[in-house]
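Here is what each chain is made of, one letter per residue.
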Amino acid sequence: MSAVGITIHSSMLPHDDPEAALAFYRDTLGFEVRNDVGYRGMRWITVGPADQPDTSIVLYPPAATPGITDDERRTIAEMMAKGSYASINLAAADLDGTFAKLEASGAEVVQEPIEQPYGVRDCAVRDPAGNLIRINELR
């Protein structure tokens, strides 16, 4: 635990198709499904790496966010479609193998593995909802 007692428990990423999200995060990335909750025709799906049980990604339906207007829902849907609404950085020991698996799955490739000028080697893809997924190579 950190010095102030705060750890990262979960991150939120929107989805617009729960089955496509499961196929990507469970089947392609290999994350375990920790929770899958339905309510009023919507689903919240919690996934994460099996060896990191205390850190998760919650895939949520953005239309369910309390207090947003119909105009805001449309804006969110437009931003998701463009791939400019949400992102997350992940890490992999075998970046090239991970990228090959993502590419073979049909994931939208944004950037092939490359050495970045700021000192990391990474790649980028979009998940089925358009979220930007950057994957750094663990060194």
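Above this text sits the structure in question.
Report on the accompanying structure. Keep in mind it's a predicted model, so treat the numbers as computed, not measured.

## Quick notes on the pairing of strand S7 (residues 121–126)
Then step 1. Counting buried positions along S7 yields six of six residues, so the element is predominantly enclosed.
Then step 2. Neither face of S7 is exposed, since Arg121, Cys123 and Val125 on one face and Asp122, Ala124 and Arg126 on the opposite face are all buried.
Then step 3. Where strand S6 (residues 108–115) and S7 come together, five bridges link them in antiparallel fashion. Bridge assignment links Glu115 to a residue of S7, and that residue is Arg121.
Then step 4. Linking S6 back to S7 in an antiparallel pair, the connection comprises five residues, with Gly119 at a positive phi of about 100°.
Then step 5. Across five bridges, the pairing between S7 and strand S8 (residues 132–137) is antiparallel. The residue bridging Asp122 from the neighbouring strand is Asn136, located in S8.

## Description of unusual backbone geometry
Then step 1. The backbone of Arg40 sits at a positive phi, close to 50°, despite the residue not being glycine.
Then step 2. Locating Arg40 in the fold gives a position in the loop between strand S2 (32–39) and strand S3 (42–48).
Then step 3. The exposed category is assigned to Arg40, whose relative accessible area is 70%.

## Some thoughts on the pairing of S2
Then step 1. Relative to S3, S2 is paired through seven bridges, and the arrangement is antiparallel. Bridge pairing in S3 places Glu32 opposite Gly48.
Then step 2. The antiparallel pairing of S2 with S3 creates a hairpin that spans two residues between the two strands, and Arg40 there sits at a positive phi of about 50°.

Parameters and conventions
Note on numbering: residues in each chain are counted from 1, in written sequence order. It should be noted that, the model being predicted, local features are given only for residues of pLDDT at least 70 and side-chain atom pairs only at 80 or more, the latter also being counted only at that level, while totals for whole chains, interfaces and linings use all residues. Note that water and hydrogens are dropped before the side-chain values are worked out from all heavy atoms of the structure. Buried residues are those whose accessible area, probed at 1.4 Å on protein chains only, stays under 20% of the maximum for their type, while exposed residues exceed 50% and partly exposed ones sit between those limits. In DSSP terms, a helix is any run of H or I states spanning at least four residues, a strand is any run of E spanning at least two, and both are numbered starting from the N terminus. DSSP calls a pair of strands paired once it identifies at least 2 bridges connecting them.

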